[in-house]
Amino acid sequence: MNIKLSTGFALRNIKANRYLEIPFILSTGIMLILFNIMSSLLQNEYVLTRHKNLPLVINMGIGISFIFTFVFVLYANRFLIKRRNKEFALYGILGLEKKHIRKIIFIEHIFNYSLIAVIAIVGGFIFGKIAFLGLNRLLADTTGTIMDYPFSRTAMIITLVYTVFLFIVMYLINALSIRNASPVELLGREHRGEGEPKNRIFLLAVGIIFLMAGYGIALTIEGTMQSLLFFFFAAVLVIFATYILFISFSIFILKIQKNNKGFYYKDKNFLAVSGMLYRMKSSAAGLASITILSTGVIITLAATLSIYGGIEAVVNTSIHREYSISAGGENGEIAVDNYKKEEALITGIVYKAAGSKENISDMYKRLECMAPAVLAENEFLPLTRENMNAGKVVYLIFTTLESYNEEFSSNEKLSANEVLISANNSNILPEGELILNGEKYIANTVKNHVPGNLAVESFEIVVQNAKYLDKFASYYVSMDLNSKKYIPSSLNLEVNFNLDYDKSTFEKEFLKLANDNLSMREYDEMRKSAY
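Residues numbered from 1 in each chain as written. Predicted model: local features only at pLDDT ≥ 70, side-chain atom pairs only at ≥ 80, totals over all residues. Heavy atoms only, no water.

> How should the overall build of the protein be read in this particular structure?
Tallying secondary structure elements over the protein gives 18 helices and 12 strands in all. What you see for the protein is a C-alpha radius of gyration of 33 Å, clearly larger than the 24 Å of a compact globule of 531 residues, by over 25%. Here the analysis covers contacts within the protein between residues at least 6 apart in sequence; of these, 77% occur between residues at least 24 apart. In the structure as shown, the protein presents an accessible area of about 29,800 Å², 63% of it carried by carbon and sulfur atoms. Positive and negative side-chain charges in the protein, numbering 52 and 47 respectively, have mean positions lying 20 Å apart. (Helix = DSSP H or I, 4+ residues; strand = E, 2+ residues; numbered from the N terminus. Rg over C-alpha atoms; globule rule 2.2 N^0.38 Å. Contact = heavy atoms within 4.5 Å. Areas by Shrake-Rupley, 256 points an atom, 1.4 Å probe, with all protein chains shown as cover. Lys, Arg positive; Asp, Glu negative; His and termini not counted. Charge placed at Lys NZ, Arg CZ, Asp CG, Glu CD.)

Here it is in structure tokens:
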């Protein structure tokens with residue numbers, strides 16, 4: 001069969017099967033549009049300079065879209081080719097050899113995937129611009145314009161290579177499916193049913209065990225750190241359980257209904273149960289996939305909307321003024337006997353950089369100590385190898401009453417054995433007495449002031465004065481990464497303020513005056529980073 005005749009056959013087939021071919025081309029084209037958009041974003045200089053972690057997120061998106069596009073096209077191709085087996089059988093009856101049929105399929109695939117490639121590249125560029133503007137809107141960045149999203153040749157090449165890969169794989173699958181099949185066999189494939197599946201009690205038991213284990217982990221694990229560690233394991237167990245139970249439990253239930261003669265031998269029930277029983281063998285995995293992907297969509301949307309909706313709150317609780325200057329002292333640490341001197345030094349630099357004291361408002365100084373710990377009932381223990389499994393691993397933020405009152409314009413008072421305490425998880429707040437450094441304290445609960453950017457269970461504990469801070473810093477030790485030894489937790493000093501002055505001028509002057517131990521955080525930069 002020459003190329004002209006083969007092409008004629010292929011074009012007539014595409015026209016005759018247009019009601020199958022058009023949805024296949026459009027749906028595959030849309031999947032590749034998404035892939036092309038992700039690839040284009042990864043090549044876009046403007047996008048790559050927005051945030052250091054953004055390329056990693058986009059790379060993950062490319063990987064996910066690569067996998068889902070492949071699986072989707074595989075299923076769509078299987079659906080399409082099954083409904084054309086009768087056509088291929090007729091070609092065989094009319095005298096065409098298998099190699100001729102494969103040649104016709106090859107030409108059809110060239111037309112189809114060429115059209116899919118055009119849709120993917122053109123559609124990817126057009127909708128990519130919309131996605132680009134949407135991404136900038138989500139990042140709260142209004143500086144990006146449509147001109148910052150040029151056509152990406154690299155993304156086009158990546159998309160074309162992936163399209164060719166899909167073309168080759170689908171052609172090989174389709175060619176192999178008719179290689180050893182007779183015309184009679186091909187005629188029967190379209191309407192061939194599945195044999196009645198057998199009960200798989202062992203598989204059913206495994207599925208139930210996996211499901212119970214997955215949800216058991218989700219319901220019993222306490223603490224953010226532990227939840228993060230076990231989340232993936234629990235999710236994998238539930239996914240496997242879903243597949244296994246769709247395959248085995250659905251058959252188990254249908255078999256019970258079939259054995260119930262009073263229920264089964266009724267008009268509606270007979271057709272429904274028998275039809276489902278014979279089809280579940282091939283449909284179970286597909287239905288399980290739909291279930292898992294639908295659940296994934298719901299979880300992703302809920303988590304994304306929750307996180308996005310809480311960004312402003314996270315930023316507002318992480319920095320309470322426009323600027324925050326942090327100090328580590330001359331030797332990289334702040335000590336109780338020198339922090340007032342360091343305070344005065346930083347304040348003087350800030351006033352000088354701002355032109356005058358009048359350009360600074362709402363200033364407060366904060367002395368604090370941050371350290372890991374283990375919460376065992378109402379006692380906080382240092383996080384050491386011996387205490388690792390004694391309770392829940394948490395994070396402690398100690399600050400002085402003077403810093404607290406200055407920050408929140410309050411007038412709290414504390415006696416020697418009293419502390420103020422708050423936590424980012426109210427369910428873990430100890431009640432009544434609290435044991436710190438082996439000593440009992442009366443804990444007065446206040447509104448949560450733990451910074452929102454701390455994702456682990458954390459406590460803020462306000463103590464009477466800096467001497468207590470020094471004592472707790474020595475008791476709640478931290479691991480030195482270089483020596484692998486436990487050392488006292490360091491004290492940190494912050495000077496926070498609002499600025500009534502030109503920001504760029506202030507920042508330039510501050511960098512000239514500040515030493516290497518001073519670091520600056522700025523509200524707008526933190527907000528941009530959070531988005």
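> Looking at this model, I keep getting lost on a nonpolar patch on the surface. Mind explaining?
A contiguous nonpolar patch, built from Phe-66, Ile-67, Val-71, Tyr-75 and Phe-165 and spanning about 440 Å² of accessible area, is present on the exposed surface. Looking at the nonpolar patch element by element, the count peaks at four residues for helix H4 (residues 54-82). Residue placement: Val-71 occurs in helix H4. Relative accessible area serves as the criterion here: at 34%, Val-71 is assigned to the partly exposed category. (Patch = residues over 30% accessible without salt bridge, like charges linked within 9 Å, V, L, I, M, F, W, Y side chains within 5 Å. Salt bridge = Lys/Arg side-chain N within 4 Å of Asp/Glu carboxyl O. Buried < 20%, exposed > 50% of the residue type's maximum accessible area, 1.4 Å probe, protein only.)

> Explain the packing of helix H2 (residues 18-43) against helix H7 (residues 153-179) to me, please; I cannot follow it from the model alone.
Packed helices, taken two at a time, are described by the angle their axes make and the gap between the axes. Relative orientation of the contacting elements H2 and H7 amounts to 145 degrees, with a least axis distance of 8 Å. You can see that H2 and H7 cross each other, and the crossing is right-handed. Of H7, the residues touching H2 (which contributes Leu-32, Phe-35, Asn-36, Ser-39, Ser-40 and Gln-43) are Thr-154, Ala-155, Met-156, Ile-158, Thr-159, Tyr-162, Thr-163 and Leu-166. Grouping the constituent residues of the contact of H2 with H7 by class yields seven nonpolar, seven polar and no charged. (Axes fitted to C-alpha atoms, helices over the stretch in contact; angles between N-to-C directions. Left-handed = near helix turned anticlockwise from the far one by under 90°. Nonpolar A, V, L, I, M, F, W, Y, C, P; charged D, E, K, R; others polar.)

> Honestly, the environment of Thr-291 in this entry has me stumped. Any pointers?
Looking at the secondary structure, you find Thr-291 in helix H12 (residues 267-309). Looking at Thr-291, the relative accessible area reads 30%, which means it is partly exposed. A C-alpha to C-alpha distance of 40 Å links Thr-291 and Glu-377, two positions 86 residues apart in sequence. Leaving out residues up to four positions away in the same chain, Thr-291 has contacts with Thr-242 and Phe-246.

> Mind showing me how you'd approach the nonpolar core here?
A general trend in soluble globular proteins is that nonpolar side chains are found buried together. Ranked by internal contacts, the top residues of the largest apolar core, which has 48 residues, are Phe-380, Phe-398, Leu-436, Phe-459 and Ile-461. Tallying contributions element by element places strand E2 (residues 360-376) first for this core, with seven residues. Once residues within four sequence positions are removed from consideration, Leu-436 is found in contact with Phe-380, Phe-398, Val-419, Tyr-441, Ile-461, Phe-472 and Tyr-476. With 28 residues, the next largest nonpolar core counts Ile-33, Phe-35, Leu-139 and Leu-166 among its residues. (Core = buried A, V, L, I, M, F, W, Y, C linked by side-chain atoms within 4.5 Å.)

> Just checking my understanding: could you explain the pattern of salt bridges for this structure?
Note that side chains of opposite charge can pair when their charged atoms are close. A complete count under the given rule lists 14 salt bridges for this structure. A salt bridge links Glu-407 to Arg-366; the nearest nitrogen and oxygen atoms lie 2.9 Å apart. Of this pair, Glu-407 sits in helix H15 (residues 401-408) while Arg-366 sits in strand E2, and the two are 41 residues apart along the sequence. An identical accessibility class is assigned to Glu-407 and Arg-366; each is buried. Put simply, Glu-509 and Lys-512 hold a salt bridge, and the shortest N to O gap is 3.6 Å.

> I would appreciate a short explanation of the packing of helix H6 (residues 98-138) against H7 in the present structure.
Closest axis-to-axis distance for the H6/H7 pair is 10 Å, and the angle between their directions is 155 degrees. Regarding the angle of H6 to H7, the classification is roughly antiparallel. In the packing of H6 onto H7, the handedness of the crossing is right-handed. Across the interface between the two elements, Lys-98, Ile-101, Arg-102, Ile-105, Phe-106, His-109, Ile-110, Tyr-113, Ala-117, Ala-120 and Ile-121 of H6 pack against Met-156, Thr-159, Leu-160, Thr-163, Leu-166, Phe-167, Met-170, Tyr-171, Asn-174, Ala-175, Ile-178 and Arg-179 of H7. Per-class residue counts for the contact of H6 with H7 are 16 nonpolar, four polar and three charged. (Parallel < 35°, antiparallel > 145°, perpendicular 65-115°, else oblique.)

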